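# Fold and contact review
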Amino acid sequence: SGTMAVATVNLRAVTSWVGIARLFAVVLSCLAFSLVASTGNFSGSYGTWCMFTWCFCFTMTLLVLLLELLELYPKLPLSWDDFTSAFSMLAALMVFTTSVVFPSIFISSPCSSSTCARQAVATTASCLCFLAYALEVGLTRAKPGDISSFLSTVPGLLKVFEAYVACLIFSLLDTYGSEAGLQWCVAVYSICFVVTLLIIIFTIGRCLTYIPCPLEKMLVGYNALALVMYITATILWPLYSFNGRTRPDHCGRNCSWDKHLGVTFLTIFNLIAYLVDLVYSTRMVFIRAP
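Residues numbered from 1 in each chain as written. Predicted model: local features only at pLDDT ≥ 70, side-chain atom pairs only at ≥ 80, totals over all residues. Heavy atoms only, no water.

So, on to helix α3 (residues 44-69). Its 26 residues place the ends of α3 37 Å apart at the C-alpha level, agreeing with the 38 Å of an ideal helix rising 1.5 Å per residue. Note on α3: the residue one or two positions beyond its end, E71, has a positive phi of about 55°. (Helix = DSSP H or I, 4+ residues; strand = E, 2+ residues; numbered from the N terminus. Expected span 1.5 Å × (residues − 1).)

Put into C-alpha coordinates, the structure is as follows:
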(Lines give C-alpha, C1' and ligand atoms only; values in the text may rest on other atoms or scores of the structure.)
Protein backbone atom coordinates (compact mmCIF):
# COMPACT_ATOMS: atom_id res chain seq x y z
CA SER A 1 0.00 0.00 0.00
CA GLY A 2 1.19 3.52 -0.82
CA THR A 3 2.17 5.88 1.94
CA MET A 4 0.93 9.46 2.00
CA ALA A 5 3.50 12.21 2.53
CA VAL A 6 2.46 14.38 5.43
CA ALA A 7 3.62 17.99 5.38
CA THR A 8 4.84 19.12 8.77
CA VAL A 9 4.45 22.72 9.88
CA ASN A 10 7.29 24.40 11.76
CA LEU A 11 5.72 27.35 13.57
CA ARG A 12 9.12 28.56 14.78
CA ALA A 13 9.68 29.77 11.20
CA VAL A 14 7.28 32.64 11.93
CA THR A 15 7.41 32.94 15.73
CA SER A 16 11.20 33.19 16.24
CA TRP A 17 12.90 36.60 16.11
CA VAL A 18 14.33 35.80 12.67
CA GLY A 19 10.87 34.75 11.45
CA ILE A 20 9.27 37.94 12.80
CA ALA A 21 11.96 40.05 11.08
CA ARG A 22 11.19 38.24 7.80
CA LEU A 23 7.44 38.79 8.24
CA PHE A 24 8.05 42.52 8.73
CA ALA A 25 10.26 42.57 5.61
CA VAL A 26 7.50 40.88 3.55
CA VAL A 27 4.81 43.31 4.72
CA LEU A 28 6.98 46.44 4.35
CA SER A 29 8.35 45.57 0.90
CA CYS A 30 4.80 44.77 -0.27
CA LEU A 31 3.61 48.13 1.11
CA ALA A 32 6.45 49.99 -0.62
CA PHE A 33 5.92 48.60 -4.13
CA SER A 34 2.08 48.76 -3.81
CA LEU A 35 2.16 52.47 -2.90
CA VAL A 36 4.63 53.33 -5.67
CA ALA A 37 2.67 51.26 -8.21
CA SER A 38 -0.52 53.16 -7.25
CA THR A 39 1.17 56.48 -8.15
CA GLY A 40 2.22 55.21 -11.60
CA ASN A 41 5.35 57.32 -11.30
CA PHE A 42 8.32 54.97 -11.45
CA SER A 43 9.53 55.34 -15.03
CA GLY A 44 13.15 55.19 -16.13
CA SER A 45 16.02 52.97 -15.01
CA TYR A 46 15.99 54.23 -11.40
CA GLY A 47 12.26 53.64 -10.95
CA THR A 48 12.51 50.19 -12.53
CA TRP A 49 15.40 49.31 -10.19
CA CYS A 50 13.44 50.39 -7.10
CA MET A 51 10.33 48.40 -8.09
CA PHE A 52 12.45 45.35 -8.95
CA THR A 53 14.20 45.52 -5.55
CA TRP A 54 10.97 45.62 -3.54
CA CYS A 55 9.27 42.90 -5.64
CA PHE A 56 12.34 40.64 -5.65
CA CYS A 57 12.88 40.94 -1.87
CA PHE A 58 9.15 40.40 -1.19
CA THR A 59 9.00 37.26 -3.37
CA MET A 60 12.24 35.69 -2.12
CA THR A 61 11.53 36.37 1.58
CA LEU A 62 8.00 34.93 1.24
CA LEU A 63 9.50 31.84 -0.44
CA VAL A 64 12.07 31.45 2.38
CA LEU A 65 9.28 31.70 4.98
CA LEU A 66 7.13 29.09 3.21
CA LEU A 67 10.03 26.65 2.76
CA GLU A 68 10.92 26.94 6.46
CA LEU A 69 7.28 26.83 7.61
CA LEU A 70 6.62 23.59 5.66
CA GLU A 71 10.16 22.25 6.37
CA LEU A 72 10.86 21.67 2.68
CA TYR A 73 14.29 23.35 2.58
CA PRO A 74 16.31 20.21 3.55
CA LYS A 75 15.28 18.71 0.20
CA LEU A 76 17.04 21.51 -1.71
CA PRO A 77 20.56 20.75 -3.05
CA LEU A 78 22.17 23.73 -1.33
CA SER A 79 23.49 24.96 1.99
CA TRP A 80 20.34 26.59 3.42
CA ASP A 81 22.06 28.62 6.16
CA ASP A 82 24.57 30.02 3.65
CA PHE A 83 21.79 30.83 1.18
CA THR A 84 19.57 32.65 3.71
CA SER A 85 22.57 34.57 5.16
CA ALA A 86 23.70 35.69 1.70
CA PHE A 87 20.16 36.64 0.66
CA SER A 88 19.42 38.67 3.80
CA MET A 89 22.70 40.59 3.36
CA LEU A 90 21.98 41.18 -0.35
CA ALA A 91 18.39 42.28 0.41
CA ALA A 92 19.60 44.70 3.12
CA LEU A 93 22.06 46.29 0.66
CA MET A 94 19.52 46.47 -2.19
CA VAL A 95 16.75 47.97 -0.02
CA PHE A 96 19.20 50.46 1.54
CA THR A 97 20.27 51.64 -1.94
CA THR A 98 16.63 51.91 -3.02
CA SER A 99 15.70 53.84 0.13
CA VAL A 100 18.32 56.45 -0.83
CA VAL A 101 17.77 56.49 -4.61
CA PHE A 102 13.94 56.59 -4.72
CA PRO A 103 13.31 59.77 -2.66
CA SER A 104 16.27 61.62 -4.21
CA ILE A 105 14.94 60.98 -7.74
CA PHE A 106 11.14 60.95 -7.39
CA ILE A 107 10.18 63.08 -4.36
CA SER A 108 10.15 66.79 -5.11
CA SER A 109 9.95 69.68 -2.66
CA PRO A 110 7.51 70.97 -1.47
CA CYS A 111 5.68 67.67 -0.95
CA SER A 112 1.99 68.60 -0.93
CA SER A 113 0.17 66.29 -3.39
CA SER A 114 -1.39 62.91 -2.53
CA THR A 115 1.08 61.27 -4.94
CA CYS A 116 4.02 62.72 -3.04
CA ALA A 117 2.48 61.62 0.27
CA ARG A 118 2.26 58.02 -0.99
CA GLN A 119 5.86 58.23 -2.21
CA ALA A 120 6.94 59.48 1.22
CA VAL A 121 5.13 56.62 3.00
CA ALA A 122 6.70 54.14 0.53
CA THR A 123 10.15 55.56 1.34
CA THR A 124 9.47 55.19 5.08
CA ALA A 125 8.32 51.58 4.55
CA SER A 126 11.50 50.93 2.52
CA CYS A 127 13.72 52.31 5.31
CA LEU A 128 11.92 50.14 7.89
CA CYS A 129 12.26 47.16 5.52
CA PHE A 130 16.02 47.76 5.44
CA LEU A 131 16.07 47.69 9.26
CA ALA A 132 14.16 44.37 9.22
CA TYR A 133 16.75 42.80 6.90
CA ALA A 134 19.63 44.31 8.93
CA LEU A 135 18.09 42.77 12.06
CA GLU A 136 17.92 39.39 10.30
CA VAL A 137 21.60 39.68 9.31
CA GLY A 138 22.49 40.48 12.93
CA LEU A 139 20.41 37.59 14.33
CA THR A 140 21.75 34.96 11.92
CA ARG A 141 25.41 36.07 12.00
CA ALA A 142 27.72 33.27 13.13
CA LYS A 143 29.14 33.53 16.64
CA PRO A 144 32.97 33.85 16.99
CA GLY A 145 34.57 30.46 16.36
CA ASP A 146 31.51 29.06 14.54
CA ILE A 147 32.29 28.46 10.86
CA SER A 148 29.54 25.91 10.10
CA SER A 149 28.05 28.28 7.51
CA PHE A 150 30.75 30.46 5.94
CA LEU A 151 28.43 33.15 4.50
CA SER A 152 27.03 33.95 7.96
CA THR A 153 30.53 34.84 9.24
CA VAL A 154 31.93 38.36 8.87
CA PRO A 155 34.17 37.39 5.88
CA GLY A 156 31.19 35.66 4.25
CA LEU A 157 28.90 38.67 4.67
CA LEU A 158 31.69 40.93 3.37
CA LYS A 159 31.89 38.75 0.22
CA VAL A 160 28.25 39.64 -0.53
CA PHE A 161 28.98 43.32 0.18
CA GLU A 162 32.03 43.30 -2.12
CA ALA A 163 30.10 41.69 -5.00
CA TYR A 164 27.20 44.14 -4.59
CA VAL A 165 29.45 47.22 -4.54
CA ALA A 166 31.15 45.92 -7.69
CA CYS A 167 27.70 45.74 -9.35
CA LEU A 168 27.09 49.39 -8.36
CA ILE A 169 30.46 50.32 -9.88
CA PHE A 170 29.53 48.56 -13.16
CA SER A 171 26.22 50.49 -13.25
CA LEU A 172 28.17 53.79 -13.14
CA LEU A 173 30.83 52.90 -15.72
CA ASP A 174 30.08 54.71 -18.97
CA THR A 175 33.27 55.99 -20.59
CA TYR A 176 36.72 54.82 -19.62
CA GLY A 177 38.20 55.40 -23.08
CA SER A 178 41.48 54.06 -24.31
CA GLU A 179 43.51 55.08 -21.26
CA ALA A 180 45.41 52.07 -19.90
CA GLY A 181 45.02 53.21 -16.27
CA LEU A 182 41.20 53.22 -16.44
CA GLN A 183 41.15 49.93 -18.35
CA TRP A 184 43.25 48.35 -15.58
CA CYS A 185 40.76 49.60 -12.98
CA VAL A 186 37.83 48.05 -14.89
CA ALA A 187 39.83 44.79 -15.10
CA VAL A 188 40.33 44.91 -11.30
CA TYR A 189 36.59 45.42 -10.67
CA SER A 190 35.69 42.61 -13.10
CA ILE A 191 38.23 40.00 -11.91
CA CYS A 192 37.48 40.56 -8.20
CA PHE A 193 33.72 40.51 -8.85
CA VAL A 194 33.83 37.21 -10.78
CA VAL A 195 36.05 35.44 -8.22
CA THR A 196 33.98 36.73 -5.25
CA LEU A 197 30.72 35.72 -6.96
CA LEU A 198 32.11 32.22 -7.66
CA ILE A 199 33.09 31.86 -3.98
CA ILE A 200 29.50 32.77 -2.96
CA ILE A 201 27.91 30.40 -5.51
CA PHE A 202 30.26 27.51 -4.68
CA THR A 203 29.62 27.99 -0.95
CA ILE A 204 25.83 27.93 -1.37
CA GLY A 205 26.09 24.95 -3.76
CA ARG A 206 28.38 23.02 -1.36
CA CYS A 207 31.05 22.75 -4.06
CA LEU A 208 34.01 24.18 -2.10
CA THR A 209 34.79 20.77 -0.55
CA TYR A 210 35.86 19.49 -3.99
CA ILE A 211 38.68 22.05 -4.29
CA PRO A 212 41.97 20.08 -3.83
CA CYS A 213 43.81 22.65 -1.68
CA PRO A 214 43.45 24.22 1.79
CA LEU A 215 40.38 26.40 1.23
CA GLU A 216 40.81 28.80 4.18
CA LYS A 217 44.42 29.65 3.23
CA MET A 218 43.42 30.04 -0.41
CA LEU A 219 40.75 32.59 0.61
CA VAL A 220 43.30 34.54 2.67
CA GLY A 221 45.64 34.61 -0.34
CA TYR A 222 42.82 35.79 -2.62
CA ASN A 223 41.82 38.54 -0.17
CA ALA A 224 45.42 39.78 -0.02
CA LEU A 225 45.67 39.83 -3.83
CA ALA A 226 42.29 41.57 -4.20
CA LEU A 227 43.34 44.17 -1.60
CA VAL A 228 46.54 44.98 -3.54
CA MET A 229 44.58 45.22 -6.80
CA TYR A 230 42.01 47.56 -5.23
CA ILE A 231 44.80 49.75 -3.79
CA THR A 232 46.06 50.30 -7.37
CA ALA A 233 42.50 51.03 -8.58
CA THR A 234 41.92 53.50 -5.70
CA ILE A 235 45.00 55.43 -6.85
CA LEU A 236 44.65 55.12 -10.64
CA TRP A 237 40.90 55.70 -11.11
CA PRO A 238 40.76 59.30 -9.72
CA LEU A 239 44.21 60.04 -11.17
CA TYR A 240 43.10 59.28 -14.74
CA SER A 241 39.42 60.31 -14.35
CA PHE A 242 39.95 63.82 -12.96
CA ASN A 243 43.39 64.74 -14.28
CA GLY A 244 42.97 68.31 -15.56
CA ARG A 245 39.15 68.03 -15.51
CA THR A 246 36.81 70.11 -13.40
CA ARG A 247 33.08 69.49 -12.83
CA PRO A 248 31.01 70.96 -15.71
CA ASP A 249 28.67 73.84 -14.85
CA HIS A 250 25.67 72.01 -16.32
CA CYS A 251 26.12 68.54 -14.83
CA GLY A 252 22.75 66.74 -15.06
CA ARG A 253 21.54 63.38 -13.74
CA ASN A 254 23.66 61.38 -16.21
CA CYS A 255 26.75 63.55 -15.84
CA SER A 256 29.91 61.54 -16.54
CA TRP A 257 31.95 63.52 -13.98
CA ASP A 258 29.50 62.64 -11.17
CA LYS A 259 29.54 58.98 -12.20
CA HIS A 260 33.34 58.92 -12.05
CA LEU A 261 33.16 60.47 -8.57
CA GLY A 262 30.68 57.77 -7.54
CA VAL A 263 33.03 55.05 -8.81
CA THR A 264 35.87 56.65 -6.81
CA PHE A 265 33.92 56.46 -3.54
CA LEU A 266 32.64 52.92 -4.24
CA THR A 267 36.21 51.80 -4.97
CA ILE A 268 37.28 53.14 -1.57
CA PHE A 269 34.33 51.31 0.09
CA ASN A 270 35.40 48.02 -1.50
CA LEU A 271 39.04 48.64 -0.59
CA ILE A 272 38.01 48.98 3.08
CA ALA A 273 35.78 45.87 2.76
CA TYR A 274 38.64 43.75 1.37
CA LEU A 275 40.97 45.05 4.11
CA VAL A 276 38.51 44.09 6.88
CA ASP A 277 37.85 40.79 5.07
CA LEU A 278 41.59 40.01 5.04
CA VAL A 279 41.97 40.83 8.75
CA TYR A 280 39.00 38.63 9.77
CA SER A 281 39.98 35.79 7.41
CA THR A 282 43.55 35.80 8.74
CA ARG A 283 42.29 35.70 12.34
CA MET A 284 39.92 32.81 11.55
CA VAL A 285 42.65 30.75 9.83
CA PHE A 286 45.84 31.49 11.77
CA ILE A 287 44.57 32.61 15.20
CA ARG A 288 42.21 29.87 16.36
CA ALA A 289 39.87 30.69 19.24
CA PRO A 290 40.50 28.41 22.25
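Our focus in this paragraph is the domain arrangement of the protein. Assigned domains of the protein: these are domain 1 (1-148) and domain 2 (153-289). Computed over C-alpha atoms only, the centres of domain 1 and domain 2 are separated by 25 Å. Each side of the interface is counted separately: domain 1 has 19 residues, and domain 2 has 13 residues. For the pairing of domain 1 and domain 2, the buried interface totals around 1500 Å² over both sides, and the portion due to carbon and sulfur atoms is 74%. Connecting domain 1 to domain 2 are 0 salt bridges. Inspection of the domain 1/domain 2 interface yields 3 residue pairs in polar contact (both at pLDDT 80 or more). No other element matches helix α4 (residues 80-106), which puts 10 residues into the side of domain 1 that touches domain 2. Here the side of domain 1 that touches domain 2 is composed, by residue class, of 13 nonpolar, 3 polar and 3 charged. (Domains from an automatic or database assignment. Contact = heavy atoms within 4.5 Å. Buried area = accessible area lost by both parts, 1.4 Å probe. Salt bridge = Lys/Arg side-chain N within 4 Å of Asp/Glu carboxyl O. Polar contact = N/O pair within 3.5 Å; in protein donor to acceptor, adjacent residues only side chain to side chain. Nonpolar A, V, L, I, M, F, W, Y, C, P; charged D, E, K, R; others polar.)

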